[in-house]
Amino acid sequence: MKNVAILVSGRGSNMVALLGAMERGEVPGRCVLVVSNVPGAPALEEAGRRGIPTVVLPHGDFPTREDHDSAILARLMEAQVDVVCLAGYMRLLSPILIHAFRNRLLNIHPALLPAFPGLHVQRKAVEHGVRFSGCTVHLVDEEVDHGPIVLQAVVPLWPGDDEAALSARILKFEHRLYPAALKLVCEEKCVVEGRRVRLLISDEEYRNLLRTLMDTGETR
Ligand code: GRF
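This one's a predicted model, so the numbers in the text were calculated from it and none came from an experiment.

**Looking at the site of the ligand**
Part 1 of the argument: In the vicinity of the ligand, the contacting residues are Arg11, Gly12, Ser13, Asn14, Gly88, Ile108, Pro110 and Glu174.
Part 2 of the argument: Contact between the ligand and Asn14: an oxygen atom at 2.9 Å from a main-chain N or O atom of the residue.
Part 3 of the argument: Backbone polar atom of Ile108 to a nitrogen atom of the ligand: 3.0 Å apart, as the coordinates give it.
Part 4 of the argument: Protein coverage of the free-state accessible area of the ligand, which is 370 Å², stands at 85%.
Part 5 of the argument: Of the residues contributing to the shell around the ligand, the split by class is two nonpolar, four polar and two charged.
Part 6 of the argument: Here the shell around the ligand spans two domains, and each of domain 1 (1-101) and domain 2 (108-220) adds at least three residues to it.

Put into structure tokens, the structure is as follows:
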């Protein structure tokens, strides 16, 4: 059983998906801490309601990004955290956290990386006219939205989609993808080889996993 921390800045729907999966025993992890840089983030209230310890460390209270990350790191160490999930955490990380949790720090991004890193990526996907987008869970490295990919889910665009429609469709798959990826990490089934992640699962397990991560059109 791994000790998991979740870093949030906002609504926290991915946090809720992760907490649910851990509570139901689908992921061999327990959430020991939720950290937010935004006081009053809705995610904090929800975590509190579920009895998860929360801490608010507003980034404005710290002179530098490194000072802020050091304060977060101290709380993570105190809680004996093994794995960290960024779930709508809207701050760039300094090397302090990246190094301390190398290969144990996950992020979810609402596009198929390496396409569309950065912000407002669902809008960019619509504007670009891509036929498929999706979401990616990756290990965090020194570059933004860049580290080794753990899992991805593919989501089609439909004619007439706007940013909101695509975001909502992708979000449903984020909520499947993130727990599935966290499960693999908590089970120590991810071997990082350069920029690739090798999964220690059978072909059949992989096939079943892909099946749960495919949009068959029912979310239209
Ligand atoms: C999600 O779309 C996630 O992929 C991105 O930020 C959003 C957070 O949403 N990194 P929520 O706070 O988890 O609801």
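**A few points about the pairing of strand β2 (residues 29-36)**
Part 1 of the argument: When you tally the buried positions in β2, you get seven out of eight residues, the bulk of the element.
Part 2 of the argument: In the sheet, β2 pairs with strand β3 (residues 54-56) via three bridges, with the strands oriented parallel. Residue pairing in the sheet places Val34 in a bridge with Thr54 of β3.
Part 3 of the argument: In this region the chain leaves β2, passes through helix α2 (residues 42-49) and returns to the parallel neighbour β3; the handedness of that crossover is right-handed.

**Concerning the packing of helix α1 (residues 13-23) against helix α6 (residues 163-186)**
Part 1 of the argument: Running from N to C, α1 and α6 point in directions that differ by 45 degrees, and their axes come no closer than 9 Å. Compared by their axis directions, α1 and α6 come out oblique. Seen along the crossing, α1 lies across α6 with a hand that is right-handed. For the pair α1 and α6, the contacting residues are Ser13, Asn14, Ala17, Leu18, Ala21 and Met22 in the first and Leu171, Glu174, His175, Tyr178, Pro179 and Leu182 in the second.
Part 2 of the argument: Partitioning the contact of α1 with α6 into residue classes produces eight nonpolar, three polar and one charged.

Conventions we followed
The residue count restarts for each chain, going from 1 along the sequence in the order it is written. Side-chain atom pairs in this predicted model are given and counted only at pLDDT of 80 or more, local residue features only at pLDDT of at least 70, and totals for whole chains, interfaces and linings cover all residues. Side-chain numbers here rest on the full set of heavy atoms in the structure, without hydrogens or water. Throughout this document, a residue counts as near a molecule or strand when at least one of its heavy atoms sits within 4 Å of that molecule or strand. Between N or O atoms, a polar contact is any pair within 3.5 Å; within protein, one atom must be a potential hydrogen donor and the other a potential acceptor, and residues adjacent in sequence are included only when both atoms are from side chains. With residues, only the protein chains shown are counted as cover, and all accessible areas are computed by Shrake-Rupley using a 1.4 Å probe. All amino acids are sorted into three groups, where Ala, Val, Leu, Ile, Met, Phe, Trp, Tyr, Cys and Pro are nonpolar, Asp, Glu, Lys and Arg are charged, and the leftover types, Gly among them, are polar. Per the annotation, domain bounds derive from an automatic or database assignment of domains. Each residue's exposure class comes from its accessible area (1.4 Å probe, protein chains only) as a fraction of the maximum for that residue type: buried when under 20%, exposed when over 50%, partly exposed otherwise. Numbering of helices and strands runs from the N terminus, with a helix taken as a DSSP run of H or I at least four residues long and a strand as a DSSP run of E at least two residues long. Pairing between strands requires that DSSP locate at least two bridges from one strand to the other. By definition, the crossover connecting two strands over a helix is right-handed if that path, from the first strand to the second, turns clockwise as seen with the strands pointing away from the viewer. To get an axis, fit a line to the C-alpha atoms, keeping to the stretch in contact for a helix; angles then go from 0 to 180 degrees between the N-to-C directions. Here is the rule for angles: anything less than 35 degrees is roughly parallel, anything more than 145 is roughly antiparallel, 65 through 115 is roughly perpendicular, and the remaining ranges are oblique. Here a crossing is called left-handed whenever its near helix is offset anticlockwise from the far helix by less than a right angle, and right-handed whenever the offset is clockwise. Only heavy atoms enter the contact rule, under which two residues are in contact if any of them lie within 4.5 Å.

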